[in-house]
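# Report on the structure
Each chain, written out:
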Amino acid sequence: MSGWDEGAVFYSDQAQFPRGSAGENEHAVATRHSLLRKFKEFIRGFETEKNAYPYRESLVHNPKYMLVHMEDLDAFDAELPAKLRSSPADCLPLFETAAAEVLASLKSKVAGESGEMEEPVTGEVQILLTSKEDSASMRSLGAQFISKLVKFAGIVIAASRTKAKATYVTLLCKNCKNVKTVPCRPGLGGAIVPRTCDHAPQPGEEPCPIDPWLVVPDRSKYVDQQTLKLQENPEDVPTGELPRNILLSVDRHLVQTIVPGSRLTIMGIYSIYQASNASTSHKGAVAIRQPYIRVVGIEEANDANSRGPTAFTLEEIEEFKKFASEADAYKSICSKIAPSIFGHEDVKKAVACLLFGGSRKSLPDGVKLRGDINVLLLGDPSTAKSQFLKFVEKTAPVAVYTSGKGSSAAGLTASVIRDNSSREFYLEGGAMVLADGGVVCIDEFDKMRPEDRVAIHEAMEQQTISIAKAGITTVLNSRTSVLAAANPPSGRYDDLKTAQDNIDLQTTILSRFDLIFIVKDIRMYSQDKIIASHIIKVHASADAASSGDSRTSKEDNWLKRYIQYCRIQCHPRLSDSASTMLQNNYVKIRQDMRQQANESGEAAAIPITVRQLEAIVRLSEALAKMRLSHVATEENVLEAIRLFNVSTMDAARSGINQHMNLTAEMANEIKQAESQIKRRMGIGSHISERRLIDDLTRMGLNESIVRRALLIMHQRDEVEYKRERRVIVRKA
C-alpha cells in the first residue's frame, strides 16, 4: 500500500526538482520527495529515550556536520538504510538537503540589514555515517560493489595536500557572454561541460560555435578535498602476499583529520574514476576505470594511538589519582612492565622511567633542555632485550620500532622525495620524526653503519633534526626517547676484555644515553632453575592466558592511558633539599672516576659528564611523575642515583683493568710472551688466535698470560684482530 498517498497524487514537484520530464520520471520524483520527507522526519523526530532528540540537538550544537548511526536509521524506518546502502550517491545529497532544511527551521529568524526579519543563512551540513556491522576485507571489493556503501579497515600510509574541488563550475560563452553554472560530480569526477550554447541567435547575429564555453574559476564554488592511501592491516594479509592499497577521497570536515600511520575503519562509496595519467598499456582500453572510495564516515581504531588531544573520563581520572596515591604505585607500575620477562628488575624500572619521561624545560634565553630519557641495553644474546623493545612499542602512546641494519640515516631522520605528479620536492619524516612525543626503539644498535648512527646524535640531545638538501632547509622536531639494544662486538660480553673493547660505541653517543645497562647471562644454578620453570610456565599456559586475554589487553590499555595522562598533566621540578643532595653526589662521582682514571692510567669507557647529572635529574622527575606529584623529593633522587649506579656506573667499572695487581714476575712473564709472539709472527703475517695460543702453551707459557700479552699489544696497536677476532695480524 505504500505510495498511494504520496506526492504524485496531490501536487507536482517540477519546481523543486526541475530534472523530471513528464511521465516516466514522476514516480522517481515522488520517491525522492518522500525520501527527503522521511529524512527530515528522522532528524526531527528520532528519540532515544523520552524527549531526547539526539540528532536535533547535535545539529543545533554543531551545524557543520552530523554523525548518523545506521542502527538508528534502521530503528526509525527499515527502508532508509537499505536505500542508503544500495544507492548512496543519490540518497546522501538528499539527506544533506534535509539536514540543512531542518537546521534552517530550527534556527530563529534574525534581523536583516533593513531591520526586517529574515531567514538565517545556513551553510551545508555534512552527513557522516557510522555503523556497527563487520568490515569487509579489501580483497573482496569487486565490481558488484560499485556505487554501493562498503565498510572496511586499514592503515593510512600516505596523505596528500589539501586541494580545492569545485562543486559548481561557472561557464561563460565566449561568443554571446552567456553565463551558466554546471554542477560537478562529487569525489574524483569532473564536470560535464555541454558542447553547444543554448542561446538562440538573433537575425543577422553570428551563431555560437561548437564548444564555446570557458570556465570562470573565480566564480565557481569550492570545497576542500584530500586523497589518502589506505593499506590493508598486516594481520589480514594472506601468507606470502603483498598488502594491497586503495585510494580514498575525503572532503570538507574530514580533511586533515588523519595522520599517516593511524588505523582506520572506513565507510564509503565504492566508485570509479578515469585515471588521467593512464599508463601506455591501458591507453587503448577505454572502458577500464580505476576504483577509489569516497569516504562518508571514519572511525579511528584505538583512541590511545591517535595523535589528537585525548579526552579522559572523570571515572578514569579518579581511578588514576587513587592509584597514584597508593604507597606502592612505583612497584606496581614496574610489575606491569613486560610481565612475561623474568627478573631484570632494574631494567624494568628504567623502562618505566623512559615511558613516563622527565619534564622539558624552556629557559628564558630560548635554550630548551630535553626531558626524554634514553636507555641503552647492551649484552649477551637471549637476555630478552628485543622483547623489552617490543613491549615498549606496544605500550608507549606513540612508538616506532626499527632495526639497526635495515635503517639508513635518511630513514631515521627525514628524506627528500620528488612528487610524481607535480615533480617538486617535499620532505617525508623518518622514524625519529614520526615518533615525535613518543619512543623510538632501535634494535641491533651496534650493527648500524657509523655514518647512519651520526644522524641520531642531534636528535638525541638537541631534539631537532636539521636538514639542508635539494633546496629545502628546515628544522624538524623530534622530541623522542630512544631505547636501543646492542650486542658487544664479539657477540657475547667478554669479562676478560676491558670495558672499552666490550662497548664498541663512540664516547659521543654513549654520553647521550642516560642509562646504560650491561645485561649479562649469568650461569647460576638456582637462578637458572627459576628462569627455566618461569619460561616453561609461560609456554605451557599460553593458551590458558589467551582466554583471559581481555583482562590483560585492558591492563595494557590502562597502562597506556595512565602514561598518557601523567605525561599531559604532570611536570615535576626538583625540591631544594633534593637539588643540594644531587649536587654533592655528582661531585663525588666525578671525584671517584678521576681517582679510578689516575690509578688505571686511562679514562673510563663511559664518560661521566654534565649530561649524566642531567640524566639523574630527569630520572628523579620521571619517578615523581609516576606518583602524579609535582615535586621530585629526596627519595626520588636516591632511587634515581641507585638506578644510575647499577646501570651506567656499573658499566663504566666493568671489565678488567690491565694494571690491576700486576706483580713483578707476572709483568716479566707478559714481556717474555710478547717477545715470543713477535718471534712467531712476522710483520704483516696472519695467524689464527687459537693456533698461536696453542703453539705458545706448548712452549710452556700460561694461556691467560698469552691472552693478556695479546690484549696489551692490541692496545698499543701492534697487532690487529680480523674476522670477528679469530685471526690476528701483526702490524708494522
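All figures in this text were calculated on a predicted structure; none of them were measured in a lab.

So, on to the state of the cysteines. Overall, the coordinates contain zero disulfides when judged by the stated rule. In this model Cys353 remains outside any disulfide bridge; the closest cysteine sulfur is found in Cys334, 7.2 Å from its own. For Cys353, a relative accessible area of 0% gives the class buried.

To continue, consider unusual backbone geometry. Phi is positive for Arg252, which is not a glycine, with a value near 50°. Relative to the helices and strands, Arg252 is located in the loop between strand 9 (245-251) and strand 10 (263-273). Using a relative accessible area of 23% as the deciding quantity, one classes Arg252 as partly exposed. Non-glycine residue Leu628 carries a positive phi angle of around 60°. Judged by its relative accessible area of 17%, Leu628 falls in the buried class.

Turning our attention to the environment of Ala486. Turning to its location among the elements, Ala486 is positioned in strand 21 (residues 481-486). Judged by its relative accessible area of 0%, Ala486 falls in the buried class. When the C-alpha atoms of Ala486 and Phe445 are compared, they prove to be 4.8 Å apart, with 41 residues separating the residues in sequence. Among residues more than four places away in sequence, those in contact with Ala486 are Leu376, Leu377, Leu378, Gly379, Lys385, Phe445 and Asp446.

According to the stated counting rule, one finds eleven aromatic pairs in the structure shown. For the ring pair Phe42 and Phe95, a centre distance of 6.3 Å and an interplane angle of 70° mean the geometry is edge-to-face. Of this pair, Phe42 sits in helix 2 (residues 26-45) while Phe95 sits in helix 6 (residues 88-106), and the two are 53 residues apart along the sequence. Phe42 sits in the buried class, given a relative accessible area of 0%. Under the relative-accessibility criterion, Phe95 is labelled buried at 0%. Both rings, one in Phe46 and one in Tyr55, keep their centres 5.9 Å apart while their planes meet at 45°; by these two values the pair is tilted. Per residue, the accessibility class of Phe46 equals that of Tyr55, and both read buried. An aromatic cluster of three or more residues is present, and its members are Phe39, Phe42, Phe46, Tyr55, Phe76 and Phe95. The ring of Tyr53 has Arg56 sitting right over it, with the charged end atom 4.3 Å from the ring centre.

What follows covers the pairing of strand 6 (residues 163-173). Where strand 6 meets strand 8 (residues 213-231), nine bridges bridge the pair, whose relative direction is antiparallel. Paired with Tyr168 across the bridge in strand 8 is Lys221. With antiparallel pairing between neighbouring strands as the criterion, strand 6 and strand 7 (residues 179-183) make up a hairpin whose turn holds five residues, including Lys177 at a positive phi of roughly 60°.

What the rule picks out here adds up to twelve salt bridges. Lys40 is the partner of Glu101 in a salt bridge, and the nearest nitrogen-oxygen pair spans 2.5 Å. In this pair, Glu101 sits in helix 6 while Lys40 sits in helix 2, placing the two residues 61 residues apart along the sequence. Taking relative accessible area as the criterion, Glu101 reaches 29% and is therefore assigned partly exposed. Measuring nitrogen to oxygen at the nearest pair gives 2.9 Å for the salt bridge that ties Arg139 to Glu232. Here the residue Arg139 occupies a position in the loop between strand 4 (126-130) and strand 5 (149-159), and Glu232 occupies one in the loop between strand 8 and strand 9, the gap between them amounting to 93 residues. Arg139 gets classed as partly exposed once you look at its relative accessible area, which sits at 23%. Residue classification places Glu232 among the buried positions, given a relative accessible area of 3%. If you follow the salt bridges from partner to partner, you end up with Lys38, Asp77 and Glu79 in one network.

With that settled, consider the confidence of the model for the chain. The predicted model of the chain averages 76 in pLDDT, with 81% of residues at 70 or higher. Low pLDDT, under 50, characterises residues 303-309; the predicted model gives this stretch twelve contacts beyond four residues in sequence or across chains.

Let's shift gears to the packing of helix 9 (residues 345-356) against helix 10 (residues 385-395). In contact at an axis separation of 12 Å, helix 9 and helix 10 are set at 30° when each is read in the N-to-C sense. Regarding the angle of helix 9 to helix 10, the classification is roughly parallel. The two elements helix 9 and helix 10 cross, and the hand of that crossing is right-handed. Seen from helix 9, the contacting residues are Val347, Lys348, Val351, Leu354 and Leu355; seen from helix 10, they are Phe388, Val392 and Thr395. Residue composition of the contact of helix 9 with helix 10, by class: six nonpolar, one polar and one charged.

Further remarks concern the sheet that holds strand 22 (residues 515-519). In space, the five strands of this open sheet follow the order 15-18-21-14-22, with parallel pairing throughout. With partners counted over all chains shown, the strands left at the sheet margins are strand 15 (399-403) and strand 22, one partner each. On average, each strand axis in the sheet is inclined to that of its neighbour by 15°, with strand direction left out of account. Pairing of strand 14 (residues 375-379) with strand 22 involves five bridges; the strand directions are parallel. Each bridged residue has a counterpart across the sheet, and for Leu378 the counterpart in strand 22 is Ile518.

Attention shifts here to the nonpolar core. Among the nonpolar cores identified, the biggest contains 59 residues, and Val392 and Tyr562 are the most heavily contacted of them. In terms of residue count, helix 9 provides more of this core than any other element does, eight residues in total. Apart from residues lying up to four places away in sequence, Tyr562 is in contact with Phe320, Phe323, Ala324, Ile333, Phe356, Met626 and Leu628. Counting residues in each nonpolar core, the second largest holds 30 residues, with Leu59, Leu92, Leu94 and Ile269 among its members.

Glancing now at the pairing of strand 26 (residues 719-722). Regular strands place their side chains on alternate faces of the sheet. Residue alternation in strand 26 divides its side chains into a buried set, Val719 and Tyr721, and an unburied set, Glu720 and Lys722. Two elements, strand 26 and strand 27 (residues 727-730), share four bridges in a ladder whose sense is antiparallel. Bridge pairing in strand 27 places Glu720 opposite Val729.

Conventions we followed
- Residues numbered from 1 in each chain as written.
- Predicted model: local features only at pLDDT ≥ 70, side-chain atom pairs only at ≥ 80, totals over all residues.
- Heavy atoms only, no water.
- Disulfide = S-S within 2.5 Å.
- Buried < 20%, exposed > 50% of the residue type's maximum accessible area, 1.4 Å probe, protein only.
- Helix = DSSP H or I, 4+ residues; strand = E, 2+ residues; numbered from the N terminus.
- Contact = heavy atoms within 4.5 Å.
- Phe/Tyr/Trp six-rings, centres within 6.5 Å; stacked < 30°, edge-to-face > 60°.
- Lys NZ or Arg CZ within 6 Å of the ring centre and 35° of its normal.
- Pairing = 2+ DSSP bridges.
- Salt bridge = Lys/Arg side-chain N within 4 Å of Asp/Glu carboxyl O.
- pLDDT = per-residue confidence, 0-100.
- Axes fitted to C-alpha atoms, helices over the stretch in contact; angles between N-to-C directions.
- Parallel < 35°, antiparallel > 145°, perpendicular 65-115°, else oblique.
- Left-handed = near helix turned anticlockwise from the far one by under 90°.
- Nonpolar A, V, L, I, M, F, W, Y, C, P; charged D, E, K, R; others polar.
- Core = buried A, V, L, I, M, F, W, Y, C linked by side-chain atoms within 4.5 Å.

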